[in-house]
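# Chains, contacts and geometry: an overview
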Protein chains: 2
Amino acid sequence: MNKVVLATRNAGKIVELRRILEESSLPIELVGLEDFPDIADVAETGLTFAENALLKAHAVARESGLLAVADDSGLCVDALNGMPGIFSARWSGTHGDDVANLWLLLAQISDVPDGRRQGHFACTAALALPSGEEHVVEGAMHGHVIREPRGANGFGYDPIFVPDGESRTTAEMSAGEKDAISHRGRAFRALVPVIESVVL
Amino acid sequence: MNKVVLATRNAGKIVELRRILEESSLPIELVGLEDFPDIADVAETGLTFAENALLKAHAVARESGLLAVADDSGLCVDALNGMPGIFSARWSGTHGDDVANLWLLLAQISDVPDGRRQGHFACTAALALPSGEEHVVEGAMHGHVIREPRGANGFGYDPIFVPDGESRTTAEMSAGEKDAISHRGRAFRALVPVIESVVL
């Protein structure tokens, strides 16, 4: 069975990625970065989701000698020209402080009226092989940003994002409901046939 | 002599605008918003510099019965898709906290390598008449964002911005040197003939 390394240390992402990829019944064994304590974190110096996802996937594929899957994803708010975007996880200046990131975003756009608060979650998923071969797929979920957090599921900006056609935030949905429409769900389902073509 | 109201409560901007407009020897008397304590602050609900500058200029022209000049300006960082942009003065979530805004921006782009830190200061200046007539002009100053603040002049993001062709930040320049090349200097000098055509 082929091992595939999920190249992220973000606990929320690991749970989502495992859930989505395990649903696919691919003949692969998913392992996390915790099995590779010697692989250093890659600085996300790219300026696009794809650049960063590829940076991470290539580094882990090269150092582990295995297939590596990485994603870069974020919330793109129209009123902020698509930001926080690739900076979503470090928007408040500290990497991974979901609460500070969310409240900063709400404060920044507090003057932006209802009806002009559209945005989308974007995800770029990358698959890299130790040989250097690479594949990139994308997924998006459109909606708008509300003014107060609601819901306890998910992570990141989920409590302030309501997808188009929904009245609930993605933090008020079950994991399965979110996966079915989410940017990450779409990107990783698009990755399944790509992984298949590589491992079969 | 025609009175023209400078429609801003930002002390740093008022000093710059007075300096630039007084240089022009226009037959006008500049007055500040402090002379109109009853005019409420306008929420900057626009999503462009021009929208916000016009919102402020029209509100003050209407309520004061005088010519009103307003500007909206900000630092547009390429790696942030042009943000903080119109949100420059409220980037950290609190309006007008220059120090917090500057350090937040530095932290957000700390992973962005030298050579990819380009940006520009942009200024849109608007002139509005009580009749509703309006005029808009623009100015820009291109350069890049450094990693540590330098210099004590200016305000806002001046200590971390080095204009193209310069080695100093705009906070290390004299007022006159900055005015000669700055976004606000350019925009307000472009406004002089417009004011002239209206008041003469």
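Since we're looking at a predicted model, the values are computed, not measured. In this convention, every chain numbers its residues from 1, walking through the sequence in written order. Starting at A for chains and at 1 for ligands, labels are handed out in the order in which the entities are written. The predicted nature of this model means local features are confined to residues of pLDDT at least 70 and side-chain atom pairs, given and counted, to a pLDDT of 80 or more, with totals for whole chains, interfaces and linings taken over all residues. Only hydrogens and water are set aside; all other atoms, that is, all heavy atoms of the structure, feed into the side-chain values.

### Section: the relation of the copies chain A and chain B
With an RMSD of 0.0 Å, the operation that places chain A on chain B is a rotation of 180° combined with a shift of 0.0 Å along the axis. The relationship between the two copies is best expressed as a two-fold rotation axis. Proximity to the rotation axis, assessed at the C-alpha, singles out A:Asn81 in chain A; its C-alpha lies 2.9 Å from the axis. We call two residues in contact whenever any of their non-hydrogen atoms come within 4.5 Å of each other. In this assembly the copies share their binding face: 100% of the residues contributing to the interface of chain A also contribute to that of chain B. For this overlay, a least-squares fit was computed on C-alpha atoms, restricted to residues scoring pLDDT of at least 70 in both copies.

### Some details on the UniProt feature "active site" (unreviewed entry) in chain A
All names here are of chain A. UniProt positions are given in the numbering used here, feature names are shortened, and annotations may be inferred rather than shown by experiment. The UniProt feature table records "active site" (unreviewed entry) at Asp72. Working definition: with a 1.4 Å probe on protein chains only, accessible area under 20% of the residue-type maximum means buried, over 50% means exposed, and in between means partly exposed. Residue Asp72 is classed as buried on the basis of its relative accessible area, which comes to 3%. Residues in contact with Asp72, not counting those within four places in the same chain, are Lys13, Glu44, Thr48, Phe49, Asn52, Ala53, Lys56, Ile86, Ala122, Cys123 and Thr124. For Asp72, the side chain forms a polar contact with the side chain of Asn52, separated by 3.3 Å. As used in this structure description, the phrase polar contact means that two N or O atoms lie within 3.5 Å; if the pair is within protein, one of them must be able to donate a hydrogen and the other to accept it, and residues adjacent in sequence are counted only when both atoms belong to side chains.

### Considerations on the interface of chain A and chain B
When the parts of a complex come together, some accessible area is lost, and that lost area is often used as the size of the interface. Taken together, the contact pairs 22 residues of chain A with 22 residues of chain B. Both faces considered, chain A and chain B share a buried interface measuring about 2,000 Å² in area, 58% of it formed by carbon and sulfur atoms. Whenever a carboxyl oxygen of Asp or Glu lies within 4 Å of a side-chain nitrogen of Lys or Arg, that contact is scored as a salt bridge. There are four salt bridges connecting chain A and chain B. Ionic pairing is found between A:Asp111 and B:Arg90, a salt bridge with its closest N-O pair at 3.0 Å. Here the buried area means the combined drop in accessible surface, using a 1.4 Å probe, for two parts upon being joined, counting both sides.

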